[in-house]
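Listed below, chain by chain, are the residues.
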Amino acid sequence: MNALSAVKCLFCLIKCSKYLYYVKKAVCIAFVCVAVFAGITLLSGDSNPIKKLKEMM
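Here's a quick rundown of the structure. (Residues numbered from 1 in each chain as written. Predicted model: local features only at pLDDT ≥ 70, side-chain atom pairs only at ≥ 80, totals over all residues. Heavy atoms only, no water.)

## Notes on the overall build of the protein
In step 1: Helix and strand counts for the protein stand at two helices and zero strands.
In step 2: A buried classification covers 2% of the 57 residues belonging to the protein.
In step 3: Counting every atom, the protein has about 5500 Å² of accessible surface; 77% of that belongs to carbon and sulfur. (Helix = DSSP H or I, 4+ residues; strand = E, 2+ residues; numbered from the N terminus. Buried < 20%, exposed > 50% of the residue type's maximum accessible area, 1.4 Å probe, protein only. Areas by Shrake-Rupley, 256 points an atom, 1.4 Å probe, with all protein chains shown as cover.)

## Structural notes on the packing of aromatic side chains
In step 1: Evaluation of the coordinates by the stated rule reveals one aromatic pair.
In step 2: For the pair Tyr21 and Tyr22, a centre-to-centre distance of 5.3 Å together with 70 degrees between the ring planes defines the contact as edge-to-face.
In step 3: Judged by relative accessible area, which is 44%, Tyr21 ranks as partly exposed. (Phe/Tyr/Trp six-rings, centres within 6.5 Å; stacked < 30°, edge-to-face > 60°.)

## Remarks on a nonpolar patch on the surface
In step 1: Residues Phe31, Val32, Val36 and Ile40 make up a contiguous nonpolar surface patch of about 420 Å² in total accessible area.
In step 2: Within the secondary structure, Phe31 sits in helix α1 (residues 3-43). (Patch = residues over 30% accessible without salt bridge, like charges linked within 9 Å, V, L, I, M, F, W, Y side chains within 5 Å. Salt bridge = Lys/Arg side-chain N within 4 Å of Asp/Glu carboxyl O.)

Structure, rendered in structure tokens:
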């Protein structure tokens, strides 16, 4: 492997790691949004399964 291909490989790795960082952040934000939405959905409404569990205890 010559120096030019090593530099190209290193540049590609740095470039890909930046994209992966932003993809990971986007996935984390999406997961948090889905979790918050699911929590709000579960805690609202009359047929709330959490309220039913609390009444049983």
